[in-house]
Amino acid sequence: QVQLVESGGGLVQPGGSLRLSCAASKIILSINTMGWYRQAPGKQRELVATITSGGMRNYAASVKGRFSISRDIAKNTVYLQMNNLSPEDTAVYYCNLNRALGTTWGQGIQVTVSS
């Protein structure tokens with residue numbers, strides 16, 4: 001089955017930028033949605049951004065204008081460009097693939113925004 005491998009996390013200063021990548025182990029040909037979710041300590045996992053196979057994007061209100069989600073078909077990869085990061089963005093970020101076969105989650109990658 002398909003696996004999702006995340007990369008690009010780490011420690012950044014407030015106002016900085018970071019780009020997360022999520023590579024799928026298989027080419028996804030079916031109708032699907034890929035996206036990013038995050039979970040901060042003591043909080044529920046929340047949607048950050050999604051992009052459908054048709055190219056429609058959706059963002060959480062808290063990240064609109066700062067984050068941008070995109071897909072690279074050739075690399076079978078979804079990206080999350082994060083700009084103007086705030087300490088409130090600190091969380092474990094999870095890549096997600098949703099399709100008729102079911103939902104797949106990545107292992108999660110830590111993003112820490114701190115001085």
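Placed above this text is the structure.
Attention in this report is confined to the structure presented alongside it. Remember, it's a predicted structure, so these values are computed and weren't measured experimentally.

**Some remarks on the state of the cysteines**
Okay, so step 1: Scanning all chains against the criterion turns up one disulfide.
Okay, so step 2: Disulfide partner of Cys22: Cys95, at an S-S distance of 2.0 Å. Measuring the twist about the S-S bond at about -85°, one finds the Cys22-Cys95 disulfide to be left-handed. Of this pair, Cys22 sits in strand S3 (residues 18-24) while Cys95 sits in strand S9 (residues 91-99), placing them 73 residues apart in sequence. Considered together, Cys22 and Cys95 belong to a single accessibility category, that of buried residues.

**Description of the layout of surface pockets**
Okay, so step 1: Estimated volume of the largest pocket: approximately 240 Å³.
Okay, so step 2: Residue lining of the largest pocket: 16 residues in total, with Ile28, Asn32, Ser53, Arg71 and Ile73 positioned closest to the centre.
Okay, so step 3: Elements supplying a minimum of two residues to the lining of the largest pocket: strand S4 (32-39), strand S5 (46-52), strand S7 (67-72) and strand S8 (77-82).
Okay, so step 4: When the residues that make up the lining of the largest pocket are grouped by side-chain class, the tally is seven nonpolar, seven polar and two charged.
Okay, so step 5: Each pocket or cavity is described by its volume, and for the second largest pocket that value is around 190 Å³.
Okay, so step 6: Around the second largest pocket sit 13 residues that line it, and Arg38, Lys43, Glu46, Glu88 and Asp89 are the ones nearest its centre.

The rules behind the values
Residues numbered from 1 in each chain as written. Predicted model: local features only at pLDDT ≥ 70, side-chain atom pairs only at ≥ 80, totals over all residues. Heavy atoms only, no water. Disulfide = S-S within 2.5 Å. Helix = DSSP H or I, 4+ residues; strand = E, 2+ residues; numbered from the N terminus. Buried < 20%, exposed > 50% of the residue type's maximum accessible area, 1.4 Å probe, protein only. 1 Å grid on protein atoms, 1.4 Å probe; cavity = no way out; pocket = protein on both sides within 12 Å on 5 of 7 lines; lining within 4 Å. Points joined across faces, edges and corners; volume = space filled by probe spheres on them. Nonpolar A, V, L, I, M, F, W, Y, C, P; charged D, E, K, R; others polar.

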